[in-house]
Amino acid sequence: MGKPKNLFKQDDLNWKHYSGGENFDYHIDYSDAVLDAREDGRLEILVKWEPNSFCHLHKHTAETSSVVLKGELHVSDFDVETGKETNKRIRKAGDFVHKEAGDIHMEKGGPEGALVLFMIYDPSGQGNLAKSITKSGKVISSSNIKNILKRISN
Ligand SMILES: [Fe+2]
């Protein structure tokens, strides 16, 4: 880490791809590339959504700032009690937002997909970044800074 990276030069980055499957009623197709991560639980990560495709429904468990670099990110809050999406909005290139931990939402790339830079920090020191969940709120997987550090050390 520490070497300059151009975030628009996709080939220079180490992408990990994710897709859904039969268990999901929405189309999942996205990738992420870790830019930097530190033991204290700080992470910068680039996420790329394919056109009209979602990432897994998730809950942020850390403070998260993000800026859309390319395309459009369609975001809606999700209520696991009712199973309904609310407060839909479209974030365009240049749009920045900071969120405290706790947000549950769906995120989908627009017609040309989306490229978004995330800066994440869990002030508790536990390094808990986010949890993928089902629409009824069951945890599918958890992302922790320890997994991320392990991933980039390989
Ligand atoms: Fe999110």
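Sequence order as written defines the numbering, with residues in each chain counted from 1. Local features in this predicted model are restricted to residues whose pLDDT is 70 or higher, and side-chain atom pairs enter the listing and the counts only when it is 80 or higher, whereas totals over whole chains, interfaces and linings include all residues.

1. Some details on the overall build of the chain
Within the chain, the regular secondary structure consists of one helix and 10 strands. The numbering of helices and of strands both runs from the N terminus, where a helix is a DSSP run of H or I of at least 4 residues and a strand a run of E of at least 2. For the chain, the succession of helices and strands along the chain, N to C, is β-β-β-β-β-β-β-β-β-β-α. For the radius of gyration, the atoms used are the C-alpha atoms, and the globule rule reads 2.2 Å times the number of residues raised to 0.38. On C-alpha atoms alone, the chain measures out to a radius of gyration of 15 Å, which is about the 15 Å that the 2.2 N^0.38 rule sets for 154 residues. Considering only C-alpha atoms, the chain reaches an extent of 45 × 35 × 30 Å along its principal axes. Looking at the chain as a whole, 26% of its 154 residues are labelled buried. Of all intrachain contacts in the chain linking residues separated by at least 6 positions in sequence, the fraction that spans at least 24 positions is 66%. Think of it as a crowd count around each C-beta: if 20 or more other C-beta atoms lie within 10 Å the residue is buried, if 12 or fewer it is exposed, and in between it is partly exposed, with C-beta placed from the backbone throughout. Note on contacts: each residue gets a C-beta atom placed from the backbone, and two residues are in contact if those atoms are within 7 Å.

2. Looking at unusual backbone geometry
With the exception of glycine, most residues fall at negative phi, and the peptide bonds are largely trans. A positive phi angle, near 55°, is found at Asn-52, a position not held by glycine. Locating Asn-52 in the fold gives a position in the loop between strand 3 (42–49) and strand 4 (58–60). A positive phi angle, near 55°, is found at Asn-87, a position not held by glycine. Note on Asn-87: 10 C-beta atoms within 10 Å, which makes it exposed.

3. Some points on the pairing of strand 8 (residues 104–121)
Each pair of strands is called paired provided DSSP finds at least two bridges between the two strands. Of the strand pairs in this sheet, strand 3 and strand 8 are connected by eight bridges, and their pairing is antiparallel. When the sheet's bridge partners are listed, Leu-46 is paired in strand 8 with Leu-117. Pairing of strand 4 with strand 8 involves two bridges; the strand directions are antiparallel. Residue Lys-59 lies in a different strand from strand 8, and its bridge partner there is Ile-104. Pairing geometry for strand 5 (residues 63–79) and strand 8, over 13 bridges, is antiparallel. Note that in strand 8 the partner of Glu-63 across the bridge is Tyr-121.

4. With respect to the nonpolar core
The nonpolar side chains of a soluble globular protein tend to be buried with one another. For our purposes the nonpolar core covers buried Ala, Val, Leu, Ile, Met, Phe, Trp, Tyr and Cys residues that link as a set through C-beta atoms within 7 Å. Among the nonpolar cores identified, the biggest contains 20 residues, and Leu-43, Val-47, Ala-114, Val-116 and Leu-129 are the most heavily contacted of them. Elements with a minimum of two residues in this core: strand 2 (29–38), strand 3, strand 5, strand 8, strand 9 (128–133) and helix 1 (145–153). When residues of this core are assigned to their parent elements, the largest contribution, five residues, is made by strand 3. In this structure, Val-116 is in contact with Val-47, Ser-66, Val-68, Leu-69 and Leu-73, ignoring residues within four places of it in sequence.

5. Digging into the confidence of the model for the chain
The pLDDT value expresses, per residue, how confident the predictor is, ranging between 0 and 100. Confidence in the prediction for the chain averages 95 pLDDT; 99% of positions are at 70 or higher. Here helix 1 is the element of the chain with the lowest mean pLDDT, 94, and strand 8 is the one with the highest, 98.

6. Examining the environment of Leu-117
Structurally, Leu-117 is set in strand 8. By C-beta crowding, Leu-117 is classed as partly exposed, having 16 other C-beta atoms within 10 Å. Considering only alpha carbons, one finds Leu-117 and His-105, 12 residues apart in sequence, at a separation of 17 Å. With near-sequence residues (within four places) excluded, Leu-117 lies in contact with Leu-7, Leu-46, Ser-66, Val-67 and Leu-69.

7. What about the environment of Glu-63?
With respect to the element layout, Glu-63 can be found in strand 5. The exposure class of Glu-63 is partly exposed, given the 15 C-beta atoms found within 10 Å. Look past the residues within four positions of Glu-63 in its chain and what remains in contact with it is Glu-100, Ala-101, Tyr-121 and Pro-123.

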